[in-house]
Amino acid sequence: DEYNENNSKNFTVLFEFDDTFTDLIDAKHSGDIFIPKILAHKNLLKDMLDNLIENANKHAFMNSSHERIEICLLARNENIGIPQITILVSNTGKPIPNNFTIDDFSRKGNSVGENAGDGFGGWYISEITKYFGGEIDLIDETGSEGIPGTDLVTSFEINLPVVYEEKL
């Protein structure tokens, strides 16, 4: 909301939950519902999301009024052994440079491209993710791993382990 209300920004931020969270909200009064909890510090989580948003604004957006960032929260219990919460932060704009990896993004002092920064933001985001016990991945949405038929170009997938589930 803060970003969307700021008139000096030329992009919008959309936030959504997947159906798992909607189902939890709908079933809240059943008395037999478990809410997943993650290990996170709200200020660090805010820093991480703010950095991802600012990186998209600085490095991907080309001053078009139709630029967008989508943040999606997903509960994942895929057959991975550990339940996870996934935060997908995706943007429109310019795609990431060819052959740019999550290791490049996470390396302190590494900067690439026309609008290269100082290489601190990606490292900081990566360190926050590690501190929470999670992992981060970079997805080129224009490539084979991307979502077909979307105008999104880049996504960061942050997977955080569920620490425990609290019964309502």
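Quantities reported herein were computed from a predicted structural model and do not represent experimental measurements. (Residues numbered from 1 in each chain as written. Predicted model: local features only at pLDDT ≥ 70, side-chain atom pairs only at ≥ 80, totals over all residues. Heavy atoms only, no water.)

### Observations regarding a nonpolar patch on the surface
To keep things clear, this is the line we draw: Only residues whose relative accessible area exceeds 30% and that take part in no salt bridge are eligible for patches, with like-charged residues grouped when within 9 Å of each other and nonpolar side chains (Val, Leu, Ile, Met, Phe, Trp, Tyr) grouped when within 5 Å. In short, Shrake-Rupley with a 1.4 Å probe defines the accessible areas, and a residue's cover is counted only from the protein chains shown. Just to be clear on terms, a salt bridge is a Lys or Arg side-chain nitrogen sitting within 4 Å of an Asp or Glu carboxyl oxygen. Helix and strand definitions follow DSSP, with helices as H or I runs of at least four residues and strands as E runs of at least two, each counted in order from the N terminus.
Among the surface-exposed residues, L39, V163 and Y164 lie close enough to one another that they form a single nonpolar patch of about 310 Å² accessible area. The topology assignment puts L39 in the loop between β2 (34-38) and α3 (42-59).

### Side note on the packing of aromatic side chains
Stated formally: Between rings of Phe, Tyr and Trp, where Trp is taken as its six-membered ring, a pair exists when centres lie within 6.5 Å; planes separated by under 30 degrees are stacked, by over 60 edge-to-face, and by other angles tilted.
Following the criterion strictly, the structure yields six aromatic pairs and no others. Both rings, one in F11 and one in F61, keep their centres 5.3 Å apart while their planes meet at 45 degrees; by these two values the pair is tilted. Taken together, the positions of F11 in strand β1 (residues 11-17) and F61 in the loop between α3 and β3 (67-76) put the pair 50 residues apart, joining distant regions of the chain. When the ring of F120 is compared with that of W123, the centres are 5.4 Å apart and the planes differ by 50 degrees; the resulting orientation is tilted. Each residue in the set F120, W123 and Y124 is aromatic and connected to the rest through ring pairs, giving one cluster.

### Considerations on helix α5 (residues 121-131)
Going by this rule: Accessibility here uses a 1.4 Å probe with only protein chains present; expressed as a share of the type maximum, an area under 20% marks a residue as buried, one over 50% as exposed, and anything in between as partly exposed. Summarising the geometry, the arc corresponds to the directions from the helix axis toward the C-beta atoms.
All of the buried residues along α5 are G121, G122, I125, S126, I128 and T129. All buried residues of α5 project into a common sector of 160 degrees when viewed along the axis, lining one side. Across from the buried face of α5, at angles greater than 90 degrees, the exposed residues are K130 and Y131. Phi turns positive, to about 80 degrees, at G133, one or two residues after α5.

### Comments concerning the side chain of E157
Note the threshold: Under the rule applied, a polar contact is a pair of N or O atoms within 3.5 Å (in protein, one hydrogen donor and one hydrogen acceptor; residues adjacent in sequence only if both atoms are side-chain atoms).
Positionally, E157 belongs in strand β6 (residues 154-167). A polar contact is formed between the side chain of E157 and the side chain of N159, at a distance of 3.0 Å.

### Overview of unusual backbone geometry
In this model, N99 sits at a positive phi of 65 degrees, which is unusual for a non-glycine residue. Examined against the element boundaries, N99 turns out to sit in the loop between β4 (84-91) and α4 (102-106). A residue is classified by how much of its surface remains accessible, and N99, at 74% relative accessible area, is exposed.

### Some words on the pattern of salt bridges
Applying the stated criterion across every chain, the model contains five salt bridges. Its salt-bridge partner being E70, residue R68 comes within 2.8 Å of it at the nearest N-O pair. Looking at R68, the relative accessible area reads 15%, which means it is buried. Overall, the relative accessible area of 21% leaves E70 in the partly exposed class. Residues R68 and D151 are paired through a salt bridge, measuring 2.6 Å at the closest nitrogen-oxygen approach. Separated by 83 residues along the polypeptide, R68 in strand β3 and D151 in the loop between β5 (135-140) and β6 bring together distant segments of the chain.

### Re the confidence of the model for the chain
As a reminder, the rule being used: On a scale of 0 to 100, pLDDT captures the predictor's confidence in every residue.
For the chain, per-residue confidence averages 81 on the pLDDT scale, and residues scoring 70 or more make up 76% of the total. Across the chain, the element-wise mean pLDDT spans from 60 in helix α2 (residues 19-26) up to 94 in β5.

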